[in-house]
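# Chains, contacts and geometry: an overview
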Amino acid sequence: MEKTVILITGAGGFLGGLLAQALQNEQGLTDLRLVLVDIIEPVAPPNANAITIKADLTDAAQVDALFQTAHGVPDTVYCLHGIMSRGSEDNFDLGVKVRKVSDRAPLPPALHLIVISIAGEEGRLIKFIFTSSLAVYGGPLPDVVTPDTIATPQGAYGMGKLVDEIFINEYTRRGFVDGRILRLPTIVVRAGTPSAAASSFISAAPRPPQHLPHRHLPHLPALSLPLWVASPETTVRNLVRARTVPAAAFLAHTRVVCLPGFTTTVREELAALAAVAGPAALALVRFEPDEVSARVVSSWPARFDDSYARGLGFVGDEGGMEPIVRRFRDQLAAGKGSSST
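A brief structural summary. The structure presented is a predicted model; accordingly, all values stated were derived computationally and were not measured.

### Side note on the overall build of the chain
- Secondary structure assignment for the chain yields 12 helices and 12 strands.
- By the burial criterion, 52% of the 341 residues in the chain qualify as buried.
- Residue pairs at least 24 apart in sequence account for 74% of intrachain contacts in the chain once pairs closer than 6 positions are excluded.
- When the accessible surface of the chain is totalled, it reaches about 14800 Å², and 56% of it is carbon and sulfur.

So, in structure tokens, the structure goes:
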């Protein structure tokens, strides 16, 4: 039986943990072997054939070791790790260091793989699936972003993501890897403590009060700020789908795909929270000045033409915010959704 080896960096984070479980549950993956990596050793899904590794991905030697585990060379790399948007803005040097070293560091072993392929000992490319962000956009934007809209980031996080995209596109063009670049919407509702993301107030606003007793919004106008969002479940489903999209289906000049989402506002998030958890939950919302988060998030687009992504088999949420908040509440009641990052 042919084995399938998948490496996930950032596997200890919120999406990384959900992705590992989804891959474990995926039908048709034969002899699945997971290599789960993060700065803190990740927890593997129950019954998974997984190697968990604590690693500093700014250290090239530690990155090289990920391709030399007992599971062998990965078929697919999910590159989920990195410094979040507000963290990159507040600590520019660290954000650049992580982007510059670790996001590209998994690629050199892939270059070695293509050399082996030319020699006839191997016949495949590593699928390199990179999670980018709508933060690559900024400045004057059309009402609806299309695949042809030029990315002009107005933040350190978006700048770093765009640089990574350029490298992955070039490595793909040269036949070093089979790159797939997914620009993610803002993820709501996100479990655990608030992250170092400028958008963390968006992810936290609709959480039921038993999970986050108090949540803070950067300023009152944030209530009406339009946002492009997606649920964790739909996002993970799309990450799984990214493995199986035929290489020939992507546009010839780029592997970038803006994943489907929907437009909402913080006001609509809070209305969904009230509908699910009761009006008293709104009393826990506080408004605190946060000019940096407000500036960064307000530069992001809120409406996309996602027909190209849907044509590739990616999917979107249906029904707006309320079903997402209700599902999150039910997961909490069942003892799920307690991830810390």
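### Looking at the side chain of Glu165
- Residue position: Glu165 is located in helix α6 (residues 156-173).
- Apart from residues lying up to four places away in sequence, Glu165 is in contact with Phe130, Ser132, Val136, Ile181, Arg183 and Val256.

### Let's talk about α6
- Helix length check: α6 (18 residues) gives 26 Å between terminal C-alpha atoms against 26 Å at 1.5 Å per residue, within 8%.
- At the exit of α6 stands Gly175, carrying a positive phi of roughly 80°.

### Examining the pattern of salt bridges
- Considering all chains together, one arrives at 10 salt bridges under this definition.
- Of the charged contacts in the structure, one is a salt bridge between Arg174 and Glu170, with a shortest N-O distance of 2.6 Å.
- Notably, a salt bridge pairs Arg255 with Asp178, separated by 2.6 Å at the nearest N-O pair. Note that Arg255 is positioned in the loop between α8 (232-242) and β10 (256-258) and Asp178 in strand β6 (residues 178-184), a separation of 77 residues in sequence. You'll find Arg255 and Asp178 in the same group, each marked buried.
- Several salt bridges share partner residues, and in doing so they unite Glu170, Arg173 and Arg174 into one network.

### Side note on the environment of Ser224
- Relative to the helices and strands, Ser224 resides in the loop between β8 (215-217) and β9 (226-230).
- When its relative accessible area of 46% is taken as the criterion, Ser224 is described as partly exposed.
- For the pair Ser224 and Thr265, spaced 41 residues apart in sequence, the C-alpha separation works out to 5.6 Å.

### Topic: the sheet that holds strand β3 (residues 50-54)
- Read across the open sheet, the seven strands follow the order β3-β2-β1-β4-β5-β6-β10; overall the sheet is parallel. Looking along the sheet, the strands with just one partner apiece sit at the ends: β3 and β10. Each strand of the sheet is rotated relative to its neighbour by a mean of 15°, with strand direction disregarded.
- Sheet analysis places strand β1 (residues 4-9) next to strand β4 (residues 76-79), joined by four bridges and oriented parallel. Of the residues in β4, the one forming a bridge with Ile6 is Thr76.
- In the packing of α8 onto the sheet, the strands contacted are β4, β5 (127-133) and β6, and the crossing angle to β6 comes to about 165°.

What counts and what doesn't
- Sequence order sets the numbering: in each chain, residues are counted from 1 along the sequence as written.
- Per-residue local features are limited, in this predicted model, to residues with pLDDT of at least 70; the limit for side-chain atom pairs, both in listing and counting, is 80 or more; totals at the level of whole chains, interfaces and linings are taken over all residues.
- Side-chain numbers come from the whole structure's heavy atoms, not from hydrogens or water.
- Only DSSP runs of H or I with at least four residues qualify as helices, and only runs of E with at least two residues qualify as strands; both kinds are numbered from the N terminus onward.
- The cut-offs for exposure are 20% and 50% of the maximum accessible area for each residue type, with area from a 1.4 Å probe on protein chains only; residues under the lower value are buried, those over the upper are exposed, and the others partly exposed.
- By definition in these notes, contact holds between two residues if any of their heavy atoms fall within 4.5 Å.
- Accessible surface is estimated by sampling points in the Shrake-Rupley manner with a 1.4 Å probe; for residues, cover comes only from the protein chains shown.
- Residue count minus one, scaled by 1.5 Å, sets the expected span of a helix.
- By definition, a salt bridge exists where a carboxyl oxygen of Asp or Glu is found within 4 Å of a side-chain nitrogen of Lys or Arg.
- A pair of strands is labelled paired if DSSP reports no fewer than 2 bridges between them.
- In this analysis, axes come from line fits to C-alpha atoms, helices being fitted only over the stretch in contact, and the angle between any two N-to-C directions falls in the range 0 to 180 degrees.

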